[in-house]
Amino acid sequence: MGGPLTLGVLGSGKGSNFAAIADAIAAGTLDARVGVVISDVPDAGILKLAERHGVPAMYLPPGRFKTRLEPEREAELAEVLRSYRVGLVVLAGYMRLLKEGLVGAFPGRIVNIHPSLLPKFPGLAAWRQALEAGEKETGCTVHRVDLGMDTGPILAQARVPILPGDTAETLHARIQAAEHALYPQVVRRFAAGETP
Ligand code: GRF
């Protein structure tokens, strides 16, 4: 195939992790290209950001379920990613569980970033879970995606302190700053052909 690794980025939210990856590519510190950005939310910030970065941006309707895609929609998503010759699927704030239709189509080639030190605090608002549990430290994790929720093999983690007076918002902002450094580093390992 040759050429830089092509990323397919999936997101449901504002897209700051996508922006961190796109900025690293633009700065020449990550030898990859974003082939397409796809969202399950029609007005997601990540789609607008993709357009601003000159990347094809697409809304694909998820179907009738809340936490996963309808199997036909998941097959369609896999097909679109293939059509863009995606070599690594990057979940960046994608709020649905993936099933065999996508996980089977990209074996070992789907990564996710999660805002806790997994296996602690999987699931929603992990920063709030850590705060409410009285932890002194939390962080973020990049992991391979399997069929579970935030359960795949861990590729890298960054630690973030929980400071006195932290609110859910201040803590989440500190974790996100760590995410924006960590995610491009892990993608770089895939781009370099090291299967991390
Ligand atoms: C991040 O905190 C990530 O850990 C979680 O969803 C959030 C996405 O943020 N999976 P953004 O859309 O990349 O700004």
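### Points about the layout of surface pockets
Inference 1: What the largest pocket holds in volume is close to 740 Å³.
Inference 2: Among the elements of the structure, α1 (16-26), β5 (110-114), α5 (126-132) and α6 (168-191) are those that each provide at least two residues to the lining of the largest pocket.
Inference 3: Of the residues contributing to the lining of the largest pocket, the split by class is 15 nonpolar, 15 polar and five charged.

### Focus: unusual backbone geometry
For residues other than glycine, phi is negative in most cases, and the peptide bonds are mostly trans.
Inference 1: With an omega of 10 degrees, the peptide bond between Leu118 and Pro119 qualifies as cis.
Inference 2: The residue Arg85 is not glycine, and still its phi comes out positive at about 55 degrees.
Inference 3: Mapped onto the elements of the fold, Arg85 is located in the loop between α3 (71-83) and β4 (88-91).
Inference 4: With relative accessibility at 59%, the residue Arg85 sits in the exposed group.
Inference 5: You will see that Phe121, though not glycine, has its phi angle at about 55 degrees, which is positive.

### Topic: helix α2 (residues 45-52)
Inference 1: When we look at burial in α2, the residues that qualify are Ile46, Leu47, Leu49 and Ala50. Buried residues of α2, viewed axially, fall in a sector of 160 degrees; they line one side. Exposed side of α2, more than 90 degrees from the buried face: Glu51 and Arg52 are the residues found there.
Inference 2: In this structure, the buried side of α2 is in contact with β1 (5-10), α1, β2 (32-39) and β3 (57-59).
Inference 3: Of the residues one or two after α2, Gly54 is the one with positive phi, at around 75 degrees.

### Describing the pairing of β4
Inference 1: Judged by which residues are buried, β4 turns out to be covered on both faces: Leu88 and Val90 on one side and Val89 and Leu91 on the other are all buried.
Inference 2: Here β1 pairs with β4 via four bridges, running parallel. Note on β4: the bridge partner recorded for Leu7 is Leu88.
Inference 3: Here β4 pairs with β5 via three bridges, running parallel. The residue of β5 that forms the bridge with Leu91 is Asn112.

### A word on empty space enclosed by the protein
To find the voids left in a structure, one rolls a probe of water-molecule size over its atoms.
Inference 1: Enumeration over the complete set of coordinates arrives at one cavity of 30 Å³ or more.
Inference 2: Here the largest cavity defines a volume of roughly 60 Å³.
Inference 3: If you go around the largest cavity, the residues you meet are Leu10, Ile38, Ser39, Asp40, Leu60, Pro61, Leu69, Arg73, Glu76, Leu77 and Tyr94.
Inference 4: In terms of residue count, the dominant contributor to the lining of the largest cavity is α3 (three residues).
Inference 5: Tallied by class, the residues present in the lining of the largest cavity amount to seven nonpolar, one polar and three charged.

### Some thoughts on the pattern of salt bridges
Inference 1: What the rule picks out here adds up to seven salt bridges.
Inference 2: For Glu70, the salt bridge is made with Arg64, and the minimal N-O distance between the two is 3.3 Å.
Inference 3: For Glu70, a relative accessible area of 13% puts it in the buried group.
Inference 4: A residue is classified by how much of its surface remains accessible, and Arg64, at 63% relative accessible area, is exposed.
Inference 5: One salt bridge in this structure joins Glu76 and Arg73, with 3.0 Å as the shortest N-O distance. Placement of both Glu76 and Arg73 in helix α3 is noted, with a separation of three residues, approximately one turn of the helix.
Inference 6: A residue is classified by how much of its surface remains accessible, and Arg73, at 28% relative accessible area, is partly exposed.

What counts and what doesn't
Residues numbered from 1 in each chain as written. Predicted model: local features only at pLDDT ≥ 70, side-chain atom pairs only at ≥ 80, totals over all residues. Heavy atoms only, no water. 1 Å grid on protein atoms, 1.4 Å probe; cavity = no way out; pocket = protein on both sides within 12 Å on 5 of 7 lines; lining within 4 Å. Points joined across faces, edges and corners; volume = space filled by probe spheres on them. Helix = DSSP H or I, 4+ residues; strand = E, 2+ residues; numbered from the N terminus. Nonpolar A, V, L, I, M, F, W, Y, C, P; charged D, E, K, R; others polar. Buried < 20%, exposed > 50% of the residue type's maximum accessible area, 1.4 Å probe, protein only. Arc of directions from axis to C-beta. Contact = heavy atoms within 4.5 Å. Pairing = 2+ DSSP bridges. Salt bridge = Lys/Arg side-chain N within 4 Å of Asp/Glu carboxyl O.

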